[in-house]
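Observations on chain architecture
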Amino acid sequence: MRVLRYVLRRLALLVPVLLGTLFIAFFLTRVLPGNPIDRVAGPYISQEKREAMKREARLDLPFYQQFYLYLADLVTKGDMGTSYTTAQPVTRDLLQRFPATLELVLYGMGLAVVLAIPLGVLSALHKDSPVDHAGRVIAVVGVSVPVFWLGLVLLYVFFLKLQWAPPPIGRLPPTMSPPPHVTGLYTLDALLAGQWDVFKAALSALALPAVSLAVTAMAPLARMTRSAMVEALESEYVRAARALGLPQHVIIWDYAFRNAVIPILTIFAGVFGYALGGVVLVEFIFSWPGLGLYTLNAILSSDFPAIQGAILLVTTVYVFIYLLLDLAVAAIDPRVEV
Amino acid sequence: MLKRVAQSEVLYRIKQNPTTLLGLGIVIFMFGLAVFAPWVAPYDPLEKHFDHVSEPPSRQFWMGTDQFGQDIFSRVVWAARLDLFIAATAVAISLVVGSLLGALSGYLGGWFDEMFMRLMDILQAFPSLILAMGIAFALGPGVFTVIVATSAVNIPGYARLMRSTLLSEKQRTYVLAARAVGNPPWRILFRHLIPNALTPVLVNATLHFGWAILEAAGLSFLGLGVAVPNAEWGVMINMGLQDFWQGHWWAYTFPGVFIALTVLGFNLVGDGLSDLLDPRRARQ
Amino acid sequence: MQRAWRAFLAGILFLGFAAAQKTLVVAVEGDIDTFDPAFSVGSTPTQTISANVFETLIRPQIVERTAPDGTVYRTVDMEQLVGQLAESWAFDSSDPNRVIFRLRKGVRYHSGTPFNADAVILGMRRIFESQSITTFLVGMGGAVTRADQFRKLDDYTVALTMKQGNLLTLKNLTIYNSAAIDPADLKAHATPEDPWALDWFKKNLGSGTGPYLLESYVPGDRIVLKAYPNYYLGKPKIDRVIMKIVPDPAQRVLLLRTGAVDMANQVPVRELDALKRIPSLRVLSFPTTTQDRLMMNNSMPPFDNKLVRKAVAYAIPYELIVRQVYRGYARVSVGPIEDGMPTSDPTAWPYRYDPERAKKLLAEAGYPEGKGLPPIKLRIRIGKEEQEREAVIVQDALSKLGMKVTIEKLPFATFNELQQGGKLQFFIDDWISWVNDPYYHMFWNFHSKSPTNYVRYSNPEVDKLIDTYMLSRDAKARAEASRRAQRLISDDVPQVYLASPNFNVVLNKKVTGYIYFNDQLTRFFYMDKKP
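These figures come from a predicted structure and were not determined experimentally.

Quick look at the overall build of chain C now. Regarding its fold elements, chain C presents 17 helices and 21 strands. Whereas a compact globule of 531 residues would reach a radius of gyration of roughly 24 Å, chain C reaches 25 Å, a difference of no more than 12%. Sorting the 531 residues of chain C into buried and exposed places 53% on the buried side. Restricting the contact set of chain C to residue pairs at least 6 apart, pairs at least 24 apart contribute 69%.

Here we take up the environment of Leu265(A). Residue and element names in this part refer to chain A. On the secondary structure map, leucine 265 appears in helix H11 (residues 248-286). As a C-alpha pair, leucine 265 and leucine 293 span 28 residues in sequence and 28 Å in three-dimensional space. With sequence-adjacent residues up to four places away left out, leucine 265 is seen in contact with Leu325, Ala328 and Val329.

Let's shift gears to the sheet that holds strand E18 (residues 495-501) of chain C. Residues and elements named next belong to chain C. Strands sit in the order E14-E18-E13-E17-E15-E16 across an open sheet of six strands; the sheet is mixed. The open sheet has two edge strands with one neighbour each: strand E14 (330-331) and strand E16 (405-410). As judged from the six bridges shared by strand E13 (residues 291-296) and strand E17 (residues 426-431), these two strands associate in the antiparallel manner. Across the sheet, aspartate 292 pairs through a bridge with aspartate 430, a residue of E17.

Taken residue by residue, the interface counts 19 residues in chain C and 15 residues in chain B. Among the secondary structure elements, those contributing two or more residues to the side of chain C that touches chain B are helix H8 (249-258), helix H11 (318-324), helix H13 (385-399) and E16 of chain C. Residues of the side of chain C that touches chain B, tallied by class, amount to ten nonpolar, three polar and six charged.

In this section: the packing of helix H3 (residues 72-108) of chain B against helix H6 (residues 143-152) of chain B. All names here are of chain B. At a minimum axis separation of 8 Å, H3 and H6 run at an interaxial angle of 45°. With respect to each other, H3 and H6 are oriented oblique. Crossing angle aside, the handedness with which H3 passes H6 is right-handed. Along its contact with H3, which presents Ile86, Thr89, Ala90, Ile93 and Ser94, the element H6 presents Val143, Val146, Ile147, Thr150 and Ser151. A class-by-class count of the residues in the contact of H3 with H6 yields six nonpolar, four polar and no charged.

What follows concerns the packing of helix H5 (residues 90-125) of chain A against helix H13 (residues 304-332) of chain A. All names here are of chain A. One can describe the packing of H5 onto H13 by two numbers: an axis separation of 10 Å at closest approach and a directional angle of 45°. Taken together, the axis directions place H5 and H13 in an arrangement best described as oblique. Judged by the twist between their axes, the crossing of H5 over H13 is right-handed. Taken together, the residues of H13 that come into contact with H5 (itself represented by Val90, Asp93, Leu94 and Phe98) are Pro305, Ala306, Gly309, Ala310 and Leu313. Partitioned by chemical class, the residues of the contact of H5 with H13 number seven nonpolar, one polar and one charged.

Cut-off values and rules
- Residues numbered from 1 in each chain as written.
- Chains lettered and ligands numbered in written order.
- Predicted model: local features only at pLDDT ≥ 70, side-chain atom pairs only at ≥ 80, totals over all residues.
- Helix = DSSP H or I, 4+ residues; strand = E, 2+ residues; numbered from the N terminus.
- Rg over C-alpha atoms; globule rule 2.2 N^0.38 Å.
- Buried ≥ 20, exposed ≤ 12 C-beta atoms within 10 Å, placed from the backbone.
- Contact = placed C-beta atoms within 7 Å.
- Pairing = 2+ DSSP bridges.
- Nonpolar A, V, L, I, M, F, W, Y, C, P; charged D, E, K, R; others polar.
- Axes fitted to C-alpha atoms, helices over the stretch in contact; angles between N-to-C directions.
- Parallel < 35°, antiparallel > 145°, perpendicular 65-115°, else oblique.
- Left-handed = near helix turned anticlockwise from the far one by under 90°.

Shape descriptors only; they carry no functional weight alone.
Set out below in structure tokens:
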């Protein structure tokens, strides 16, 4: 019961934050001249018709009224308006784009974790040795490389030169149909439907973009793992465990690592947010039909409803990840008061 | 804290740490390029050699040429000037604005602090590049826009850092003493609190410098930042992308290497500094 | 045994089906911004769908032409208008202002609704009452301003009474915006607030009479069309068209190279030479009347000074742009009315690359070596690669005169709003007149009352020539007036023509039957794909 109250309180705190982000998105889109009507309508349209279209889109109203009405529609009908570039409800667009980004980020972050944690643990075990220095350099280089440039270099090597990777044209080759929709994650859906060829194609399309994301995300994770492990390994209880003569792997994983998890989880949230931003650049290079590319296209074509919807969704995901990690930390760490 | 570590000791420690030295070397090198660009670069960065379009590296053009026959080496060198300028300005703005606001908020406390921190929550709920894209859209592309967008997303970080350091310093005896002898609040803020909280903020700034370069180049790469044909690393990679499929690797590789190197330099220095100033390490 | 036999049979059927199914995969550049043919103006994929799903009463005749390099290709001739949904059309012998359309019989919409005069009249009422784009086109010169100028004579005959009988209005009616929508759709989706079902038609593809209908649409990913089996000219040869959305032009090329798509247009010109060397591909490059234009706002300094505009016109290295930006897949422009449009007069336009003369003119204008010039911003749209390159060359060329120009890339909508408001000082855009008629072209670009006269050009004499001859049926006088107007415009230089780029399509060699339409939209009906 106390846990539930805590969760609810945290959720309630999110509401003003999300409102604020939406307000900022609204504000930013309406600063510059230019509105989606001009793009959709073109010049061959009468002034009255243009005004009518503006009225219909509520663009003639003062800023705060637009904001209020948008909120009202969102809360009462779950309606985010209609995109000017796809002619579809923004909610439908977002639902369709979101799994693409989710799949990419999951694989990217998964890969980052799989690479970063052993690297960090290894560095900590061999502190100040060449292994440690090498690990540190790898981590710092990883975070210094621009992700969009890394994507290009990977493409040059693995697609243009070696021809191992598929062309960067999205999640599946154009002639292949997506697997039956269950989760929207193509690799998972393909497995569920038993479509091996689709699974393989989806996985190979994921490879380079996921690696690009992973390389930039793993550095802070590895660094935090190392320092947390160093501290844990030097702690009293690990020393005690050593004195008891427990086997090395038990000491490392059951004693030291368990205590290092909390700082790692904490930094994971920041890394995730960075990846959500970086995913725009990765999606741009690999024509990945996800949220990032959607946001970019919406911005470039001044598609107000799409910009608002995309920003709202991205920030919601971001703050929820934060919340989940906080809750996870609270669950693990007895020191956190719930 | 900086004051407590004797200056000679700082130098000694830096010398002991080869990676920090390497970083420092890179940073100095890049600033050198930026300052001496007109003397280092063999050509004007905008000079077009239409007889030498998209040529691979050669003796005449060390890093090849782009689709307008502009010398990539000269452009990469001049871009150091623009990129470092953008990053330095952005870091300076976010540092000054963020720290002052954070200090004020921490000092004043009460409802102002509450409101301010909620605002920072909101800004931090954006993945940084998304917010920067939104700001770039609202202001229209340009150097000024990149600076504003890159600094705006950093402000909350500095504000929080300054505020939390300040809150812990506030309870210390020397502040209490200063207050007891009747110093006016603004003087306590500027004379005692801010200088003492500055060290962690400066370490942060070094790390952010590299990050600002990445962010600015990313915006320009997406076409939301500096315009063509200006010599800027992100713009150059964007222009290189147009010739990517023809295999003209030199057009985007060199600017990318320069970004990576510069960011690496700042990160190494930042890492070294934070190790150096970490009180736990200092005790060892 | 029986089971094996069944499996065998199923296999045969499957193979037979697969062989009969012809799928064309096309890489297109963007999403659908509306499904309503009456309002689609922005995105090419949207327009392509409208042009394949819906049909107009008349269309331009398909003809053969010879390209400068000697290859023969098929295109359309706007001077010959033939029936589409109308079997035939003719000016009424008793009333020269009236045109009679005799409709094709037995045509059914995809939904099964029969097509007849009522459908035409209802469609026209929708067009006029919702003030769609067609009203602007047929309203040129005031020829048609009301829906009731279209009259039903009987179930299969419609008459159109114009203010003045002319061909331009009819040419305007070939644009897909006036396509006939299904009355059943309208009936089913009209609401009291939205009597013309604008909202429904925007979000959903209605049923048409054309050779294709929508199979599926996955925004951001693909649009799939399937053949309409009961099409009145016979079932299309290609059964399915997958329009794969690939916004990045370089990636469209990549798909062609890998054979993943059969066709792509808007291919970047820098890739064409390499694509020509690939044995499985065919590159088609059509000369067009498209113009890349350097636009100088005639009401803003320094371009309100004719001498400055002339200096700019002499300062541009035109050949360099054709070579450097378009790799030869363009022509040096011949003047306000491009080669290929009737009455084009290349002798009217004197401007060639002559930097010395440009310098002199700039000095004459009061800005020797560019001294005293106000700041100049050259605006382009984000994402237009060729125009970006042109901008860089223009910037370089003008800097040699001493004109300092900064390039600014603007998002699409911002650019459009500023452009339509006449607030851009100096910018690059492109234009093609879909209706290949000099008066159509001149009205929209040079008439002081035109909403698309983005440089705020105004010359009363030009206005008068356009007004007088726009709807004229005296071909000779019309041509002469056009030449006169071209000289006047050339002397004023309201805009400078950087190049006239070709329209390039890259196809798999298995794909045949491509026809270049003036609106640059692909008609899949005429195409086929060899196995």
